[in-house]
Protein chains: 4
Amino acid sequence: MSYAKQMLNTYAARAADASALAAAIDAMNDCAQACIADTDADLGDESVTAMVACIRLCLDCADVCTATARVTSRPTAYNPRVAQPLLEACVAVCALCGEECETHADTHPHCRVCAEACRRCEQACRDLLAAAARQNRS
Amino acid sequence: MSYAKQMLNTYAARAADASALAAAIDAMNDCAQACIADTDADLGDESVTAMVACIRLCLDCADVCTATARVTSRPTAYNPRVAQPLLEACVAVCALCGEECETHADTHPHCRVCAEACRRCEQACRDLLAAAARQNRS
Amino acid sequence: MSYAKQMLNTYAARAADASALAAAIDAMNDCAQACIADTDADLGDESVTAMVACIRLCLDCADVCTATARVTSRPTAYNPRVAQPLLEACVAVCALCGEECETHADTHPHCRVCAEACRRCEQACRDLLAAAARQNRS
Amino acid sequence: MSYAKQMLNTYAARAADASALAAAIDAMNDCAQACIADTDADLGDESVTAMVACIRLCLDCADVCTATARVTSRPTAYNPRVAQPLLEACVAVCALCGEECETHADTHPHCRVCAEACRRCEQACRDLLAAAARQNRS
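Within each chain, residues carry numbers counting from 1 in the order of the written sequence. As a convention, the first chain written is A and the first ligand written is 1, with the rest following in written order. Local features in this predicted model are restricted to residues of pLDDT 70 or higher, and side-chain atom pairs are both shown and tallied only at a pLDDT of 80 or more, whereas totals for entire chains, interfaces and linings draw on every residue. Excluded from the side-chain calculations are hydrogens and water; all other atoms, namely the structure's heavy atoms, are used.

Asker: Looking at this structure, I do not really get the packing of helix 5 (residues 109-137) of chain A against helix 1 (residues 3-11) of chain C. What am I missing?
Answerer: Angle between the axes and distance between the axes are the two parameters that describe a pair of packed helices. To obtain an axis, a line is fitted to C-alpha atoms, over the contacting stretch when the element is a helix, and the angle between two such axes runs from 0 to 180 degrees between their N-to-C directions. In this description a helix means any DSSP run of H or I spanning at least four residues, a strand means any run of E spanning at least two, and both kinds are numbered starting from the N terminus. Direction vectors running N to C along helix 5 of chain A and helix 1 of chain C enclose 160°, while the axes themselves pass 8 Å from each other. Classified by the angle their axes make, helix 5 of chain A and helix 1 of chain C are roughly antiparallel. Taking contact as the criterion, the partners of Pro109, His110, Val113, Cys114, Glu116, Ala117 and Arg120 of chain A in helix 5 of chain A are, on helix 1 of chain C, Tyr3, Gln6, Met7, Thr10 and Tyr11 of chain C. Looking at side-chain class alone, the contact of helix 5 of chain A with helix 1 of chain C contains seven nonpolar, three polar and two charged residues. To sort the angles, those under 35 degrees are grouped as roughly parallel, those over 145 as roughly antiparallel, those from 65 to 115 as roughly perpendicular, and the leftovers as oblique. Contacts are residue-level and defined by heavy atoms, with any inter-residue pair within 4.5 Å sufficient. Residues are grouped as follows: Ala, Val, Leu, Ile, Met, Phe, Trp, Tyr, Cys and Pro are nonpolar; Asp, Glu, Lys and Arg are charged; all remaining types, including Gly, are polar.

Asker: What am I meant to see in the interface of chain B and chain A here?
Answerer: Much of the literature gives interface size as the accessible area that the parts lose upon coming together. Counting residues at the interface gives 22 residues for chain B and 22 residues for chain A. Using a 1.4 Å probe, buried area is obtained as the accessible area two parts lose upon being combined, added over both of them. Summing the contributions of chain B and of chain A, the shared interface buries around 2,000 Å²; its carbon and sulfur component is 63%. Only one rule defines a salt bridge in this text: a Lys or Arg side-chain nitrogen within 4 Å of an Asp or Glu carboxyl oxygen. Applying the counting rule to chain B against chain A returns six salt bridges. With a closest N to O distance of 3.1 Å, Asp63 of chain B and Arg70 of chain A form a salt bridge. Any N or O atom pair separated by 3.5 Å or less is treated as a polar contact, with the protein-specific requirement of one donor-capable and one acceptor-capable atom, and with residues adjacent in sequence counted only for side-chain atom pairs. Taken together, the links from chain B to chain A amount to eight residue pairs in polar contact (both at pLDDT 80 or more). Looking at the side of chain B that touches chain A, the elements that each hand over two or more residues are helix 3 (52-72) and helix 4 (80-103) of chain B. Among the elements that line the side of chain B that touches chain A, the one with the most residues is helix 4 of chain B, at 10 residues.

Asker: Quick question: what am I supposed to make of the environment of Asp42 of chain D here?
Answerer: All names here are of chain D. Inspection of the secondary structure puts Asp42 in helix 2 (residues 18-43). Spatially, the C-alpha atom of Asp42 lies 24 Å from that of Ala89, the residues being 47 residues apart in sequence. Discounting residues that sit within four places of it in the chain, Asp42 has contacts with Val48, Met51, Cys54, Ile55, His110 and Cys111.

Asker: Help me understand the relation of the copies chain B and chain A in this model?
Answerer: Mapping between the two copies of the chain is achieved by a rotation about an axis and a shift along the axis. Residues reaching a pLDDT of at least 70 in both copies supply the C-alpha atoms on which the copies are superposed by least squares. Overlaying chain B on chain A yields an RMSD of 0.0 Å, the required transformation being a rotation through 180° with an accompanying axial translation of 0.0 Å. The symmetry that links the two subunits is that of a two-fold axis. Minimal C-alpha distance to the rotation axis in chain B is attained by Pro85 of chain B, lying at 2.5 Å. Of the interface residues in chain B, 100% have counterparts in chain A that sit at the interface too, so the contact is made through matching surfaces.

Asker: Which parts of the structure should I look at to understand the interface of chain C and chain A?
Answerer: Contact residues are listed per partner, giving 30 residues for chain C and 30 residues for chain A. Summing both sides of the interface, chain C and chain A together bury roughly 2,800 Å²; the carbon and sulfur share of this comes to 60%. Among the residues of chain C in contact with chain A, Tyr3, Met7 and Gln33 of chain C are the three that bury the most area, contributing 27% of the side total. On the surface where chain C and chain A come into contact, there are two salt bridges.

Asker: Help me understand the pattern of salt bridges in this model?
Answerer: Note on pairing: side chains with opposite charge can pair once their charged atoms come close. Scanning all chains against the criterion turns up 36 salt bridges over all chains. With a closest N to O distance of 3.0 Å, Arg56 of chain A and Asp40 of chain D form a salt bridge. Residue Arg56 of chain A is located in helix 3 (residues 52-72), and its partner Asp40 of chain D is located in helix 2; the two belong to separate chains. Each member of the pair, Arg56 of chain A as well as Asp40 of chain D, carries the same accessibility label: buried. Three exposure classes are used, based on accessible area relative to the maximum for each residue type with a 1.4 Å probe and protein chains only: buried under 20%, partly exposed in between, and exposed over 50%.

Asker: Which parts of the structure should I look at to understand the relation of the copies chain C and chain A?
Answerer: Relative to chain A, chain C is turned by 180° and slid 0.0 Å along the rotation axis, the superposed coordinates differing by an RMSD of 0.0 Å. Mapped onto chain A, 100% of the interface residues of chain C are again interface residues, and the two copies thus contact each other with one and the same surface.

Asker: Honestly, helix 1 of chain C in this entry has me stumped. Any pointers?
Answerer: The α-helix advances 3.6 residues per turn, and as a result positions three or four apart in sequence lie on the same side. The complete set of buried residues in helix 1 of chain C reads Tyr3, Ala4, Gln6, Met7, Leu8 and Tyr11 of chain C. Summarising the contacts, the buried residues of helix 1 of chain C are in contact with helix 2 (18-43) and helix 5 of chain A together with helix 2 (18-43) of chain C.

Asker: Explain the confidence of the model for chain A here, please?
Answerer: Residue and element names in this part refer to chain A. Per residue, pLDDT captures the predictor's confidence, and it can take any value from 0 to 100. Overall, the prediction assigns chain A a mean pLDDT of 93, with 96% of residues at 70 or greater. Least confident of the elements in chain A is helix 1 (residues 3-11), whose mean pLDDT is 88; most confident is helix 3, at 98. The ipTM assigned to the predicted complex is 0.95, against a pTM of 0.96.

Asker: How should the side chain of Thr39 of chain D be read in this particular structure?
Answerer: Mapping Thr39 of chain D onto the fold places it in helix 2. We classify Thr39 of chain D as buried; its relative accessible area is 2%. Ignoring sequence-local partners within four residues, the contact set of Thr39 of chain D consists of Leu59 of chain A together with Ile55, Cys58 and Leu59 of chain D.

Asker: What should I look at first to understand helix 4 (residues 80-103) of chain D in this one?
Answerer: Residues and elements named next belong to chain D. Working rule for helices: expected span equals 1.5 Å times residues minus one. When the terminal C-alpha atoms of helix 4 are compared, their 34 Å separation across 24 residues agrees well with the 34 Å that a helix rising 1.5 Å per residue should span. A large share of helix 4 lies buried, amounting to 17 of its 24 residues. Its side-chain oxygen placed 2.8 Å from the backbone nitrogen of Arg81, Asn79 serves as the N-cap of helix 4.

So this is what it looks like as structure tokens:
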């Protein structure tokens, strides 16, 4: 069980969206890790010039994922005015970065792995936004 | 002249909103610094319990400001789908954090300084969003 | 398989210490996550005052782990002059934070989980330092 | 007056090394900002391949400076076992990054600015280590 899930279990398991939250935090941390490593792999590529767009998106994606994971890991003071746009930024950057990495997936295995991490994170953030919206309506 | 401004001058000064951008980056870095230090000062307070809301907002505010400063410091691949919600999250968290710090300003000088950093950052991010909107319309 | 491991497999698996490296990166990311969540749980505790030392160490530990994970995730330009003191700082802060969390483990399940994450990270960083030392000698 | 200095003045001015500390925090934040922007400028360069070493060092330097600034901005629980190796890592990465940026200074104004930020940060961290050592002896 991930540490995000273990920690939430100990003190915030009552949150209606606790499982969507733990999944999103894990996906964001995974995605940040994949993007940081992908940047390093891209920089070692023979044709760096072709990877510049990928590097830039990976840098942005890692930063947004890390910050969003940190803020959503403090659920006891969850404020949708902050968390919602942050999650939307995370969805947007993961979509863009996943798309770019996808274009290199055939020739660069590290971009294939990173594209997958971006797609999962995009989906996990969408799921968390949907869970939060359901909770607001009820 | 700040390093954000110096750096933008060397390679991205043509950007229509270069001066709003440099001002926002400086304000975000200043606000992150003030929030990190304010957290430490709050934790040293005799009545920590009364400062819990302030600490939580300062932690979120520092994380969002740092990430937004990093992303906007890579202007050559500026993407409004990412930057706009990120700046909106930054405006929201600076407003909330500034408001909370304000309530402690009379008794806690460190919260007064932090409230000011939050207000300036909120305004600088609003100005950058407005500059970006003007640029999109023209 | 973790993303750190998957990514290293795609482009840096030849590194003599690739498996110690992947384990350390995973442990640092896990520890950062546990410390960020533990801070939030501590702040929600009825007796925050008793948790101040724990909060402070968790904040430092999360920051050092995150930075060390980022730097070691760029192995193609590994420089021991930077990585070694960074890993030593990580060992030190994980030891201190794990010790402090341990003292609350009986009464605070979240501190018990965090203590475990700190201990594992301390050990994983020691293992990576030992692997790097072996590699230097050979 | 910087926010680091203002904040320290409000609650930690008695620290023997308060002015060395504020100067180091400012220099680390400046250096992180310069390195992040320099990475973006390097990625926009026509000959990215020639800038790969510079980009990698700037990424490491920004991460180490940011973490060290955060940890030293919590002076009330200053622990030399953590802060000293962290500052040593900061000195090392600023020296390496400043040296690399220096080699591009004539042709790349952004590297000249970044080299200067690295040199100042290296010196400010050395000064803080020296101030801490003096304090320990007295």
